[in-house]
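# Architecture and fold: a report
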Amino acid sequence: MPQSDEIHSAFHQVMRRGGKGRWTVSTRDFVAELERRNRPHTLRAANQWIEIHITLFRDISIESGDYRLFELPETALTPGFAATAIQVSDQPDR
């Protein structure tokens, strides 16, 4: 699998549905999944990848630094997106 597909797949793997039903991704989980797939990234590189490739998610971090939390706003959900992109994990945040 090409590297970009592997990274995108890792991103989708760590998507979690939060308590309010919104999809979130933490940089920490994303980096851990990339490491598991032998695609190591720093927190900063993972954040940059998300900002460039996953434009629908917004940063909702409450602290500065590289441990960030991204969320998919409800307004970004469309039937086509929901049907294809959010089939990966319906596990709530812990």
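Worth saying up front: this structure is predicted, and the values here are computed from it rather than measured.

Scoring rules and cut-offs
Residues numbered from 1 in each chain as written. Predicted model: local features only at pLDDT ≥ 70, side-chain atom pairs only at ≥ 80, totals over all residues. Heavy atoms only, no water. Helix = DSSP H or I, 4+ residues; strand = E, 2+ residues; numbered from the N terminus. Buried < 20%, exposed > 50% of the residue type's maximum accessible area, 1.4 Å probe, protein only. pLDDT = per-residue confidence, 0-100. Contact = heavy atoms within 4.5 Å. Axes fitted to C-alpha atoms, helices over the stretch in contact; angles between N-to-C directions. Parallel < 35°, antiparallel > 145°, perpendicular 65-115°, else oblique. Nonpolar A, V, L, I, M, F, W, Y, C, P; charged D, E, K, R; others polar. Pairing = 2+ DSSP bridges.

## Structural notes on unusual backbone geometry
At Asn38, a position not held by glycine, the phi torsion is positive, near 60°. Relative to the helices and strands, Asn38 resides in the loop between α2 (27-36) and α3 (43-53). Overall, the relative accessible area of 65% leaves Asn38 in the exposed class.

## Looking at the confidence of the model for the protein
In the predicted model, the protein carries a mean pLDDT of 82, and the fraction of residues at 70 or more is 77%. Within the protein, the element-level pLDDT minimum falls on helix α4 (residues 79-85), averaging 48, and the maximum on α2, averaging 97. Counting interchain partners and residues more than four positions distant, the pLDDT-below-50 stretch residues 82-94 has 24 contacts.

## Quick word on the packing of α2 against α3
At their nearest, the axes of α2 and α3 sit 9 Å apart, and the two run at 105° to each other. Taken together, the axis directions place α2 and α3 in an arrangement best described as roughly perpendicular. Where α2 abuts α3, its residues Thr27, Arg28, Phe30 and Val31 lie against Leu43, Ala46, Asn47, Trp49 and Ile50. Class assignment for the residues of the contact of α2 with α3 results in six nonpolar, two polar and one charged.

## Looking at the sheet that holds strand β4 (residues 69-72)
The four strands are arranged β1-β2-β4-β3 in an open sheet whose pairing can be described as antiparallel. On the outer flanks of this sheet lie β1 (16-17) and β3 (58-59), each paired with one strand and no other. Pairing geometry for β3 and β4, over two bridges, is antiparallel. Bridge pairing links Arg58 to Glu71 in β4. Sitting on the sheet, α2 touches β2 (23-26) and β4, and the angle it makes with β2 is about 65°.

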